[in-house]
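# Structural characterization, general
Here is what each chain is made of, one letter per residue.
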Amino acid sequence: MSHIFYTWTAQRHAHPLTVDAAEGARFHTREHGWLWDLESQTYNVNAGHGNRHIQERMIAQIRELPVAGPNMRLEVREQLTAALAERTGLERAFLASGGAEAVENAIKIARLFTGRSKIVTRRRSYHGATLATLGIGGDPRRAPFAADLPPAIHIDDPYPVPAGEPSAWVQSLHEVVEREGPETIAAIVLEGFTGTNGMQHPPPDFWPAVRAVCDRHGILLVDDEIFSGFGRTGRWFAREHWGVEPDLMVLGKGLTSGYAPLSAVMVSAAVAAHFDDHKLWCGVTHYAHPVGCAAALGALEVYAEERLPERADQVGGVFAQRFQDMSQKPDLHGAVRDARGLGLMRCLELDRPAAPIAARLLERGAYAPYRDNLLFICPPLCITAEQAHVVADLIADAVAENISSPRA
């Protein structure tokens, strides 16, 4: 009998793998041997498994000082926040433990700064699994708690964008802001690029339009880069694809490459200055944990030195071409409806449930996450172009094997 809960499932339906080793873009299980890690565990092992530089950073910090209270000044905290300020172009950091915790504190900061209460997000968004973050998002996992949550305020984001309506998202944005009253909206929170709710490409005018609306009405633009940040989309941060600067950024997952729990809220100079004289009503027990800060410093150094955002862009191009070829192959009979994504944040939209294909991949040596008819491909950024072709072959074979199977 297991004494641990497994997440997002009835426990009788849990089928955990026994992991006993990991290296680079793969991990080893007792059940299936070595597997290509197409989920990067929880979309966070951006630098890859077993990175010695990150490990040594953490070990050194453990030996020097593994624990310190939130209001203690430490060199590792100063180094990390300076590095994040330089990388993001924002002024000051609030360092929490996990992504949802960071989003919650971003909401609190936005409300404290503006004196307003409403938070606007996209309909297909996901910003965390706490009650507050489920409350603002559009993920279906909010359903069991919906009766107890305040009404969410969502911008419609149809995908594909209806023919003849290239600005459907922008039109919905204006309608939502007008309906709710801009003077009541504290922030618009957007994922840099949407994760497992579909990886839909926003229309090119959407991000600039949101920035313009925020500027016009004194609304804060919050860029949630928890999933898409730190090279995952082929840029340091996904919003760089649209050339827009936010007022706040929320960081997590790849911040430490998953080697330690740490998240961050980065705020602009204007927001930071507000709290020089106004109380910041935010705090967490493991605030700016020293070992987490050391892991994050190590990860930032690895991303830069190994040019992993650039590699994600290049290797993502390999996957993009291979998946495009799959969508056009006659012998696959249109099983791949769409192949989309950025960098190493990609998904295949199938004409059938993805679960049987993921099961075949597991037998062939690859672990791939899925939801409904979507198969996700998000390996560590250290994967090479040659390895990407190996993985793409496995996926093509798994889809081909499934063609003659009855659709569940």
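So, here is what we can say about the structure in this document. Worth saying up front: this structure is predicted, and the values here are computed from it rather than measured.

Let us look at the sheet that holds strand β8 (residues 220–224). Across the sheet, seven strands lie side by side as β4-β10-β9-β8-β7-β5-β6; this open sheet has mixed pairing. Edge positions in the sheet fall to β4 (92–96) and β6 (153–155), since each has one partner strand and no second. Looking at each pair of strands side by side, their axes are set apart by 25° on average, direction ignored. Note that strand β7 (residues 185–191) and β8 share five bridges and pair parallel. Looking at β8, one finds that E191 is bridged to D224. The strands touched by helix α4 (residues 99–114) within the sheet are β4, β5 (118–122), β7, β8, β9 (248–251) and β10 (263–267), with β10 carrying the most contacts at an inclination of about 25°.

With that out of the way, let us pick up the pattern of salt bridges. If you walk through the whole model with that rule in mind, you get 23 salt bridges. The closest approach of N and O atoms between R57 and E301, which form a salt bridge, is 2.5 Å. Linking R57 in helix α2 (residues 52–64) with E301 in helix α9 (residues 290–305), this pair joins segments that are 244 residues apart in sequence. Put simply, R239 and D223 hold a salt bridge, and the shortest N to O gap is 3.7 Å. Within this pair, whereas R239 is found in the loop between β8 and β9, its partner D223 is found in strand β8, the two being separated by 16 residues in sequence. Across the pair, exposure class does not vary: R239 and D223 are buried alike. What you see here is one network of salt bridges that share partners, running through R360, R364, D397 and E401.

This part takes up the packing of aromatic side chains. Enumeration over the complete set of coordinates arrives at nine aromatic pairs. Ring geometry for F94 against Y287: centres 4.9 Å apart, planes inclined by 65°, an arrangement best described as edge-to-face. One end of the pair, F94, is in strand β4; the other, Y287, is in the loop between α8 (269–277) and α9, with 193 residues separating them in the sequence. Centre to centre, the rings of W169 and F206 are 5.2 Å apart; their planes meet at 85°, and the pair counts as edge-to-face. One end of the pair, W169, is in helix α6 (residues 168–180); the other, F206, is in helix α7 (residues 206–217), with 37 residues separating them in the sequence. On the basis of relative accessible area, W169 is assigned to the buried category, the value being 1%.

Right, let's talk about unusual backbone geometry for a bit. Of note, the amide linkage connecting Y159 to P160 takes the cis form, showing an omega dihedral of -10°. Assignment of secondary structure puts P160 in the loop between β6 and α6. We note that W8 has phi near 55°; this positive angle belongs to a residue other than glycine. Summarising the element assignment, W8 is placed in the segment before β1 (19–23). By relative accessible area, W8 is classed as exposed at 53%. Positive phi is not limited to glycine here, since F230 has a value of about 60°. Note on placement: F230 falls in the loop between β8 and β9.

Looking now at the environment of D247. Examined against the element boundaries, D247 turns out to sit in the loop between β8 and β9. Put simply, D247 and H278 are 31 residues apart on the chain and 18 Å apart in space, counted from C-alpha to C-alpha. Apart from the residues lying within four places of it in its own chain, the contact partners of D247 are L90, R211, I219, L220, L221, M266, V267 and S268. Within polar-contact distance, the side chain of D247 engages the side chain of R211 at 3.0 Å. A polar contact is formed between the side chain of D247 and the backbone nitrogen of L221, at a distance of 2.8 Å.

The rules behind each value
Per chain, the residues get numbers from 1 upward, laid out in the order the sequence is written. Reporting of local features is limited, given that this is a predicted model, to residues whose pLDDT is at least 70; pairs of side-chain atoms are given and counted only at 80 or more, and all residues count toward the totals for whole chains, interfaces and linings. Heavy atoms from the whole structure form the basis of all side-chain values; hydrogens and water molecules are not counted. Any two strands are treated as partners once DSSP identifies two or more bridges connecting them. In this text, helices come from DSSP runs of H or I with a minimum length of four residues, and strands from runs of E with a minimum of two, each type numbered from the N-terminal end. Axis lines are fitted to C-alpha atoms, over the contacting stretch for helices. Their N-to-C directions set the angle, which ranges from 0 to 180 degrees. What makes two residues a contact is simply this: any of their non-hydrogen atoms within 4.5 Å. What makes a salt bridge here is a side-chain nitrogen of Lys or Arg within 4 Å of a carboxyl oxygen of Asp or Glu, nothing more. Burial here depends on accessible area, computed with a 1.4 Å probe over protein chains only, as a share of the maximum for the residue type. Under 20% is buried, over 50% is exposed, and the range in between is partly exposed. Aromatic rings from Phe, Tyr and Trp, taking only the six-membered ring of Trp, are treated as a pair when their centres fall within 6.5 Å; an angle between ring planes under 30 degrees marks them as stacked, one over 60 as edge-to-face, and anything in between as tilted. Here a polar contact means two N or O atoms within 3.5 Å. Within protein one must be a hydrogen donor candidate and the other an acceptor candidate, and residues neighboring in sequence count only if both atoms are side-chain atoms.

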